[in-house]
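Letter by letter, the chains look like this.
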Amino acid sequence: MNPLGTVSGDRAQRQAALDPTRSFLVQAPAGSGKTELLIQRYLRLLAVVREPEEVLAITFTRKAAAEMRSRVLEALARARQGLCPEAEHLRLGYELAREVVARDAQRGWGLAEQPERLRVGTIDSLNAWLAGRTPLSAGTAAQRRVSEAPDELYAEAARGLLEFLGEEGETAAQLRCLLEHCDNRAERLVQLVADMLARRDQWLRHTGPGLAGDAQRAGLEAALERLVEIHLAEAAQRLPADCHELLAGLLARAAARRRAAGETQPLPWAGSEGFPQPVAAELPRWRSLAATLLTGRGDWRKPGGIDRRLGFPPDAGEDKRAMQAVLERCAADEALRAALRDVRSLPDPRYSDGQWEVLRSLLALLPLAVALLQEVFRRRGCSDFSQVAAEALQGLAAEEAPGDLALIMDHRLSHLLLDEYQDTSRSQYDLLCRLTAGWEPGDGRSVFLVGDPMQSIYRFREAEVGIYLQTREQGLGGLPLEFLRLATNYRADPALVDWCNRVFPRLLPGSDEPRSGAVSYAASIAARGPEAGAGVHWHLHALGDRDAEAADVVLAIREALARWPDGRIGILVRSRAHAAHIAPRLRREGIAFTAPDLERLAD
């Protein structure tokens with residue numbers, strides 16, 4: 001095994017990343033030692049600042065923040081005691097920690113007695129810190145407690161919205177429109193509005209007076225059109241190019257035969273010429289293509305499914321055989337199947353008048369619901385994390401007119417580090433831009449962002465991997481960042497790394513697409529030596545044979561425990577139902593296990 005730091009591939013990037021005079025965006029894939037790099041950067045910065053509070057390290061979870069703080073404190077404790085670690089990859093951190101200890105003594109920081117001066121925390125804790133120091137003149141309520149169960153507050157505000165139904169005017173008419181859309185079920189409308197309030201940081205900037213007119217409709221429809229065309233381009237790229245014209249002819253003739261047979265439903269391929277371009281106007285033909293190649297469940301259609309219903313009766317033998325050949329050729333391409341399945345679910349790029357009326361009413365009423373929620377917060381003396389984040393942004397004010405808090409932060413903050421940048425939301429990006437407003441290269445301040453777009457998992461809370469791609473190209477706000485990419489994987493066996501390098505380029509897009517958040521695969525290099533038996537192994541069973549599956553799982557676990565008695569084994573299942581046969585089998589075999597989170601991976 002090669003110890004961390006001995007693989008030359010990333011050495012130059014890791015050395016550059018410790019330069020306190022430069023700002024970086026670092027792409028650090030799984031197993032690349034990014035936490036150690038963050039700690040080394042943090043220690044390097046502590047050794048050059050006047051006060052430790054000038055360096056701020058932000059993570060997304062309390063666990064990650066606690067781990068980073070603990071490892072920094074451990075490094076400083078070893079440095080004070082002169083305990084140089086044996087592991088080669090920890091020695092650089094030890095030397096950097098010795099410099100911090102010397103700086104601590106020189107400046108009289110007292111970090112051993114006051115470790116809280118090390119500013120390592122979550123982005124939520126940063127928001128709370130900022131909101132708590134917002135000047136009262138900003139009109140915030142920083143002393144409110146953050147509710148642990150805000151759902152009832154959202155529901156109370158949503159019910160308050162219904163009280164306007166008894167009034168005259170446009171607000172009541174808009175409410176009636178939404179209520180009719182909800183089949184006149186008031187509680188359903190309340191629940192939908194409450195759910196929206198829980199995610200108001202995602203949409204609030206898109207609502208308000210004057211934002212529900214023709215211009216807003218055109219803007220939203222343009223966004224829909226871009227979304228459609230991104231997915232169509234992906235399908236066109238995945239579909240073999242030499243099949244395009246063949247499919248165009250086959251589908252056009254199939255549509256003609258269906259029309260001749262008396263079919264009355266729309267046939268997008270009837271009378272068409274050539275293969276469709278990946279543009280929104282051609283969406284009907286793309287949907288029809290996907291419906292021909294895939295079943296209703298989204299699986300590849302079997303050759304026997306190419307029949308009269310699709311326009312391939314027995315007397316169309318040559319066309320039928322050609323279509324079956326296309327299916328056989330494509331059947332192994334799971335990425336193409338996924339792309340065509342997405343095509344079938346794409347929305348129309350234009351709203352109907354009825355759809356727009358509902359959406360227009362919603363866009364107009366949501367700000368009122370937010371105002372009612374503010375009143376609920378005031379009356380209950382509490383808040384939620386979204387409100388705290390909004391107050392933090394309000395305290396920092398706009399870049400062109402910074403508030404008092406922004407001036408305080410500008411004085412106290414010189415270096416910013418952020419982990420898991422690929423999971424940054426738009427509001428969090430705005431916070432980072434305002435914290436660093438006015439920073440310029442070479443002025444003694446720096447930004448260090450670390451992430452991996454291939455590991456983005458928080459889209460449900462408005463995390464936009466497109467922000468990562470945008471920052472890579474344009475910098476953070478007005479501050480340019482140098483891009484570094486780490487490629488060495490110190491954790492996984494070469495067999496697993498090689499398997500990923502072979503498989504994932506076929507599953508992920510060929511290029512990055514910031515607008516949709518699509519990211520391409522970046523290959524890794526294994527630092528470890530190979531180990532016998534390691535790699536990816538498939539054990540296939542007939543659909544529904546859960547007992548055989550559970551027996552194979554237990555056998556694989558026993559073999560792994562025999563080979564690695566001190567190793568840890570993970571079993572991933574999609575739902576509780578998939579673990580129903582495995583867990584009892586493990587108990588019967590006397591294999592101890594824990595299962596704290598038997599939830600669907602999709603959640």
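Parameters and conventions
One numbering rule holds for all chains: residues counted from 1, following each sequence as written. Local features in this predicted model are restricted to residues of pLDDT 70 or higher, and side-chain atom pairs are both shown and tallied only at a pLDDT of 80 or more, whereas totals for entire chains, interfaces and linings draw on every residue. Side-chain numbers come from the whole structure's heavy atoms, not from hydrogens or water. Secondary structure is summarised from DSSP: a helix means a run of H or I of at least four residues, a strand means a run of E of at least two, and numbering begins at the N terminus for each. What makes two residues a contact is simply this: any of their non-hydrogen atoms within 4.5 Å. The method behind every accessible area is Shrake-Rupley, applied with a 1.4 Å probe, and residues are considered shielded solely by the protein chains displayed. What makes a salt bridge here is a side-chain nitrogen of Lys or Arg within 4 Å of a carboxyl oxygen of Asp or Glu, nothing more. Only protein chains enter the area calculation, which uses a 1.4 Å probe; residues under 20% of their type maximum are buried, those over 50% are exposed, and those in between are partly exposed. Under the pairing criterion, centres of Phe, Tyr and Trp rings, with the six-membered ring standing for Trp, must be within 6.5 Å; the plane angle then separates stacked pairs below 30 degrees from edge-to-face pairs above 60, leaving the rest tilted. Counted as over-ring charges are cases with an Arg CZ or a Lys NZ within 6 Å of the ring centre that also lie within 35 degrees of the ring normal. Neither His nor the chain termini are counted; the positive set is Lys and Arg, and the negative set is Asp and Glu. Under the rule applied, a polar contact is a pair of N or O atoms within 3.5 Å (in protein, one hydrogen donor and one hydrogen acceptor; residues adjacent in sequence only if both atoms are side-chain atoms). Strands are treated as partners if at least two bridges between them are detected by DSSP. Here an axis means a line fitted to C-alpha atoms, over the contact stretch when the element is a helix, while the angle between two N-to-C directions is reported on a 0 to 180 degree scale. Whether a set of points on the 1 Å grid over the protein atoms alone is a cavity depends on a 1.4 Å probe fitting there but being unable to get out, while an open set qualifies as a pocket with protein on both sides within 12 Å along at least five of seven lines; lining residues are those with an atom within 4 Å of a point. Grid points are joined across faces, edges and corners, and a volume is the space filled by probe spheres set on the points. Here the nonpolar group is Ala, Val, Leu, Ile, Met, Phe, Trp, Tyr, Cys and Pro; Asp, Glu, Lys and Arg are the charged ones; every other residue, Gly included, is treated as polar.

(A) How the structure looks around the overall build of the protein chain. A tally of regular secondary structure across the protein chain gives 23 helices and ten strands. Partitioning the contacts of the protein chain with sequence separation of at least 6, the portion at a separation of at least 24 is 76%. For the protein chain, the accessible area works out to roughly 31,400 Å², and carbon and sulfur atoms hold 51% of it.

(B) Up close: the pattern of salt bridges. Enumeration over the complete set of coordinates arrives at 38 salt bridges. Across the pair Arg22 and Asp19 runs a salt bridge whose closest N-O atoms are separated by 3.6 Å. According to the relative accessible area criterion, Arg22 is partly exposed, its value standing at 28%. In this structure, Asp319 and Arg257 form a salt bridge, with 3.3 Å as the shortest nitrogen-oxygen distance. Of this pair, Asp319 sits in helix H13 (residues 317–330) while Arg257 sits in helix H11 (residues 244–260), and the two are 62 residues apart along the sequence.

(C) Geometry of helix H19 (residues 465–474). Of all the positions in H19, only Val465, Gly466, Ile467, Tyr468, Leu469 and Thr471 are classed as buried. The secondary structure elements touched by the buried residues of H19 are strand E1 (24–27), helix H18 (426–435), strand E7 (446–451) and strand E8 (482–485). Just downstream of H19, Gly475 is the residue with a positive phi angle, here 90°.

(D) The packing of aromatic side chains, seen in detail. For the structure on display, the rule yields six aromatic pairs. Measuring from centroid to centroid gives 6.2 Å for Tyr421 and Tyr468, while their planes differ by 45°, and the two rings are tilted. One end of the pair, Tyr421, is in the loop between strand E6 (415–418) and H18; the other, Tyr468, is in helix H19, and 47 residues separate them in sequence. For the pair shown, Tyr421 and Tyr468 are each scored as buried. Ring geometry for Phe504 versus Tyr521: centroids 5.9 Å apart, planes at 20°, classification stacked. One end of the pair, Phe504, is in helix H20 (residues 494–507); the other, Tyr521, is in the loop between H20 and strand E10 (525–526), with 17 residues separating them in the sequence. Taken together, the aromatic side chains of Trp499, Phe504 and Tyr521 make up a single cluster linked through ring pairs. Sitting above the plane of the Phe312 ring, Arg257 keeps its charged end 5.5 Å from the centroid. Its guanidinium or amino end placed over the ring of Trp564, Arg563 lies 5.2 Å from that ring's centre, counting from NZ or CZ.

(E) Main features of the side chain of Asp10. You can see Asp10 is positioned in the segment before helix H1 (11–16). For the buried Asp10, no salt bridge is present, and the opposite-charge side chain at shortest range is Arg14, 4.0 Å distant. At a separation of 3.2 Å, a polar atom in the side chain of Asp10 contacts the main-chain amide nitrogen of Ala487. Asp10 has contacts with Arg485, Leu486, Ala487, Thr488 and Tyr490, leaving out every residue within four places of it along the chain.

(F) Seen up close, the sheet that holds strand E3 (residues 119–122). As summarised here, the arrangement of the six strands in space is E3-E2-E6-E7-E1-E8, forming an open sheet in which the pairing is parallel. Of all the strands in the sheet, just E3 and E8 have a single pairing partner and so form its edges. The average angle at which neighbouring strand axes cross in this sheet is 15°, direction not considered. Of the strand pairs in this sheet, strand E2 (residues 55–59) and E3 are connected by four bridges, and their pairing is parallel. The residue bridging Leu56 from the neighbouring strand is Arg119, located in E3. Those strands touched by helix H3 (residues 62–81) are E2 and E3, and its axis lies near 160° from that of E3.

(G) Region of the structure containing empty space enclosed by the protein. According to the stated counting rule, one finds one cavity of 30 Å³ or more in the structure shown. Its volume calculated, the largest cavity comes out at about 60 Å³. Lining the largest cavity are Leu251, Ala254, Ala255, Arg258, Leu267, Pro268, Trp269, Ser288, Thr292 and Leu310. At the level of secondary structure, the elements contributing two or more residues to the lining of the largest cavity comprise H11 and helix H12 (283–293). Here the lining of the largest cavity gets four residues from one element, more than from any other, and that element is H11. When the residues that make up the lining of the largest cavity are grouped by side-chain class, the tally is seven nonpolar, two polar and one charged.

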